[in-house]
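Structural features, examined
The lines below spell out each chain.
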Amino acid sequence: MNVKDKEVIEVSDKHVVLRTVLFVALIGIAVAAFATAIVSIGHKDPGWQVIEAATDADVPFYSSSIGLSYYMEGSSSEIRQNISTLSGLYSKSLKRMYILFDSENEYPGYVNLATINNNLGKEIAVPQEIFFVLTDFYAKTLSGEANLFCNLAYEAEQVLLTSENYDAEYEAERIAALKSVCSDLSNFSLEVLDPEKYIITFNVSDAVLETAKAYEASDSYLGLNELYFYYMTYLVGQSLADNGYPDAYFYAK
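Anyway, here's the lowdown on the structure attached to this text.

Reading the values: rules and limits
Residue positions are given per chain, counted from 1 along the sequence in the order it is written. In keeping with the model being predicted, local features are shown solely for residues with a pLDDT of at least 70 and side-chain atom pairs are shown and tallied solely at 80 or more, while totals for entire chains, interfaces and linings include all residues. In computing side-chain values, all of the structure's heavy atoms are included and hydrogens and water are not. The distinction between a cavity and a pocket rests on a 1 Å grid over the protein atoms alone: a 1.4 Å probe fits inside a cavity but cannot get out, while a pocket stays open yet meets protein on both sides within 12 Å along at least five of seven lines, and a residue with an atom within 4 Å of a point counts as lining. Grid points are joined across faces, edges and corners, and a volume is the space filled by probe spheres set on the points. Numbering of helices and strands runs from the N terminus; a helix is a DSSP stretch of H or I covering at least four residues, while a strand is a stretch of E covering at least two. Classes in brief: Ala, Val, Leu, Ile, Met, Phe, Trp, Tyr, Cys and Pro nonpolar; Asp, Glu, Lys and Arg charged; the others, Gly included, polar. Pairing between strands requires that DSSP locate at least two bridges from one strand to the other. Here, axes are lines fitted to C-alpha atoms. For helices the fit covers the stretch in contact, and angles between N-to-C directions go from 0 to 180 degrees. What makes two residues a contact is simply this: any of their non-hydrogen atoms within 4.5 Å. The salt bridge definition used is simple: a Lys or Arg side-chain nitrogen within 4 Å of an Asp or Glu carboxyl oxygen. For the exposure calls, accessible area comes from a 1.4 Å probe over protein chains only, and a residue counts as buried if that area is under 20% of its type's maximum, exposed if over 50%, partly exposed in between. What the arc covers is the set of directions going from the helix axis to the C-beta atoms. Only buried Ala, Val, Leu, Ile, Met, Phe, Trp, Tyr and Cys residues count toward a nonpolar core, and they belong to the same one when joined by side-chain atoms within 4.5 Å. Stacked, tilted and edge-to-face are the three classes applied to pairs of Phe, Tyr and Trp rings, where Trp contributes its six-membered ring and a pair requires centres within 6.5 Å; stacked means planes under 30 degrees apart, edge-to-face means over 60, and tilted covers the rest.

Some points on the layout of surface pockets
Over the atoms a probe the size of a water molecule is rolled, and this reveals where empty space is left. Reported here for the largest pocket is a volume of approximately 520 Å³. Taken together, 20 residues form the lining of the largest pocket, with Tyr98, Phe101, Ser103, Glu155 and Tyr228 sitting closest to its centre. Sorting the residues of the lining of the largest pocket by element identifies α5 (151–161) and α8 (228–242) as the ones contributing at least two each. Considering each element in turn, the lining of the largest pocket owes the most residues, 4 residues, to α5. Across the lining of the largest pocket, the residue classes break down as 9 nonpolar, 8 polar and 3 charged. Its boundaries defined by the atoms lining it, the second largest pocket holds a volume of some 170 Å³. Of all the elements in the fold, those that place two or more residues in the lining of the second largest pocket are α2 (76–100) and α8.

What follows is the structure, encoded as structure tokens:
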């Protein structure tokens, strides 16, 4: 086809108004649908709500093992506000307890279990939460319900749960030796020097030090071990209840 023979295409101008109205209507529907989707993302119905802890670059794993759900009623906006408030309270309390009961790492401005482990035989003024837990756990230890001093053996067993290659015979010997030294309460000394100022002193025997060194165990002689979840959720739950949220439901992640 040459230039002279080119086809001329005519566009009908019929129903222009109708087509314009339909186009505008479709845009309106799309905008409405988009707005509805945005609103529905933040909508909250009454029921159990998962409460997320805030991220913290300095303590990144403080919420890695414990989760929280809470039953909430009211309007969507009321529930969202309660979630925000509870998340702030939960994050603050959980982070504090995580730091206090870390038996390996110390943190600036805090006296925690690691501080006690690193200052054997010294008088230490501890936070009220640590004082409560240690005295309560120690009472359970004396009654035979649990063992506050079994942390070395407990940690050794926990490591095996995530290990793939290890010498089974050596690990069995290692754990048995740690359990033996930890089960002898005469190897440990926990004294309350001033119950009003929460001053304590903690020490271990040479047998504990030598066994830990021989089997390359940590120096976390004092730890919450098997009762970690119990004490953590108890204290965090108390804190939330004191701030108006008494019905927290905790779960292990």
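With respect to the sheet that holds strand β6 (residues 249–252)
Across the sheet, 3 strands lie side by side as β1-β2-β6; this open sheet has antiparallel pairing. In the strand order of this sheet, the two ends are held by β1 (47–51) and β6, each with one partner. Each strand axis lies, on average, 30° off the axis of its neighbour in the sheet, ignoring direction. Alignment of β1 against strand β2 (residues 66–72), held across 5 bridges, turns out to be antiparallel. Looking at the pairing, Val50 lines up with Ser69 of β2. Here α2 sits on the sheet and contacts β1, β2 and β6; the angle it forms with β2, its principal contact strand, is near 150°.

Things to note about unusual backbone geometry
Located in the positive-phi region is Tyr198, a residue other than glycine, with phi close to 60°. A positive phi is found at Asn225, a non-glycine position, where the angle reads about 30°. Looking at the element boundaries, Asn225 is found in the loop between α7 (206–214) and α8.

With respect to the pattern of salt bridges
All chains considered together, the criterion is met by 5 salt bridges. Among the salt bridges present, the one from Asp136 reaches Lys140, with a minimum N-O distance of 2.7 Å. With a gap of 4 residues between them, Asp136 and Lys140 both fall in helix α4 (residues 128–142), about one helical turn apart. A salt bridge links Glu157 to Lys179; the shortest N-O distance between them is 2.9 Å.

Describing α7
Turning to α7, its buried residues are Val208, Thr211 and Ala212. All buried residues of α7 fall inside an arc of 100° around its axis, so they share one side. Turned more than 90 degrees from where α7 packs its buried face, Asp206, Glu210, Lys213 and Ala214 sit exposed. The secondary structure elements touched by the buried residues of α7 are α5, α6 (168–183), β4 (188–194) and β5 (199–204).

Here we look at the nonpolar core
By size, the foremost hydrophobic cluster in this structure holds 58 residues, and its most contacted members are Tyr90, Phe101, Ile116, Leu134 and Phe202. Here this core takes 9 residues from α2, the largest share from any one element.

Notes on the packing of aromatic side chains
Per the stated rule, a full pass over the model turns up 13 aromatic pairs. Members of the aromatic cluster, each reached through a chain of ring pairs, are Phe132, Phe137, Tyr230, Tyr231 and Tyr234.

With respect to the pairing of β4
When a strand is regular, its side chains alternate between the sheet's two faces. With 6 bridges connecting them, β4 and β5 associate as antiparallel partners. Across the sheet, Ser189 pairs through a bridge with Asn203, a residue of β5. Two successive antiparallel strands, β4 and β5, enclose a turn made up of 4 residues, where Tyr198 displays a positive phi of approximately 60°.

Focus: the sheet that holds strand β3 (residues 123–125)
Spatially, 3 strands are ordered β3-β5-β4 in an open sheet, and the strand pairing comes out antiparallel. With partners counted over all chains shown, the strands left at the sheet margins are β3 and β4, one partner each. Each strand axis lies, on average, 30° off the axis of its neighbour in the sheet, ignoring direction. α4 rests against β4 and β5 of the sheet, and its axis sits at about 130° to β4.

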